[in-house]
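Examination of the molecular architecture
Below, each chain spelled out in residue letters.
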Amino acid sequence: WLALAYPLIGRALPGNAIWGNEHGFGAFLVAWDGQYYEQISLHGYPDALPLDAAGNVAQNAWAFLPAFPFTIRALTASTGVPFELGAPLVAIVAGLLATYLLHRLVRDRAGHAAAMWAVFFFSCGPLSFLLQVGYAESMFLALSFGALLALERRRYGLLTALGVAAAFTRPGALAIPLVLGVVALVRWVRARRETGRVFEGFPLGEQVRVVAAGLTMVLAGLAWPVIASHATGTPNAYLETEMSWWVNFIGRVDFVPLT
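All of the points below concern the structure found in this document. (Residues numbered from 1 in each chain as written. Predicted model: local features only at pLDDT ≥ 70, side-chain atom pairs only at ≥ 80, totals over all residues. Heavy atoms only, no water.)

The next subject is unusual backbone geometry. In this structure, W32 takes a positive phi of about 55° despite not being glycine. Position of W32 relative to the elements: it lies in the loop between α2 (25-29) and α3 (33-43). In this model, R154 sits at a positive phi of 60°, which is unusual for a non-glycine residue. The residue R154 is located in the loop between α7 (137-152) and α8 (156-167) in this model. Of the residues examined, R154 reaches a relative accessible area of 46% and is grouped as partly exposed. (Helix = DSSP H or I, 4+ residues; strand = E, 2+ residues; numbered from the N terminus. Buried < 20%, exposed > 50% of the residue type's maximum accessible area, 1.4 Å probe, protein only.)

Structural data, given as C-alpha cells:
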C-alpha cells in the first residue's frame, strides 16, 4: 500500500525533503533519519561535532545508535548491494522477526487466535510502514520482543545479549532492565510471602544472574553518551546533539527531564 500511496506523498513533499531530490520510492525508504544511518554506514561517526552559525551543536549522526547502520554496512560490504536496497532489506527482515516473536509472546499467554490478531494489528497498523523503511525501529522491536521471551523463560544470558544489542539500536532500551527489576521484585516478595524463605522460591544463584544481567544492561543503556563525549572530546555531546532537533520548536533551552 505504501508503494501505491507514494505518488500522492511525493507530490506533497518540498523540494529539499529528501537528499538529492530523488523522489523515487527507493529514496523515500531511506529518507529523513535514513540519511544519517547512511552516513554512519558508509563513513562512521564524525570526530568533531558540527556547529551552527551561533556556535551551538548542530544536528549530526551522533543522535543515532550504531547497531542498525553497522548491520547494514556488514550486508553491503559483503554483498555489494547499495545502501538504498540494504537498509530496507535489513528493516524488513527484522520486522518479520519481530512479528514472529510477538506472535510467540502473545500465543504463550492468550492462545493462537489472540496472537494472530496481535500480529494483524502490529503489521497493518498506521505506523507499520516503519517495519520496511531504513529506520532502526523494526530491529529494536525484534530485540525487545526477544528479550521479553528470554525473560519469560529465565534465560538471563540471552536476555543480557539482546538487551545490550537493543541499547545500541535505539534509545529506550533501559526499559528492558526496568522490566527485569520489576519481575525480580515481584518474585522476591512472593517467595517471601508464600514460603517465608526468599531462596526457596527464588534461588540465590538465579538472583545473582538477575542482578548481573540487570547491571550489564543498565551500563549498556548509559554507555552511548559516554562514548560520544569521549570520541568527540565534547562533554554532553549526545545530549547537545539530541537537543539540536528541538531548536526549531522550543528554541535553544537547557534540558530539563520530563519537560
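The structure having been displayed, the exposition proceeds.
Bringing helix α5 (residues 83-110) into the picture now. With 28 residues, α5 extends 40 Å from end C-alpha to end C-alpha; this agrees with the ideal 40 Å at 1.5 Å per step. Immediately beyond the C-terminal end of α5, within one or two residues, lies G111, with a positive phi of roughly 95°. (Expected span 1.5 Å × (residues − 1).)

A separate point is the layout of surface pockets. Within this model, the largest pocket holds a volume of roughly 250 Å³. Lining of the largest pocket is provided by D33, Y37, A63, F64, L65, T169, R170, P171, E242, W245, W246 and F249. A breakdown of the residues in the lining of the largest pocket according to their chemical character gives eight nonpolar, one polar and three charged. (1 Å grid on protein atoms, 1.4 Å probe; cavity = no way out; pocket = protein on both sides within 12 Å on 5 of 7 lines; lining within 4 Å. Points joined across faces, edges and corners; volume = space filled by probe spheres on them. Nonpolar A, V, L, I, M, F, W, Y, C, P; charged D, E, K, R; others polar.)

Purely spatial values, then, with no claim about function.
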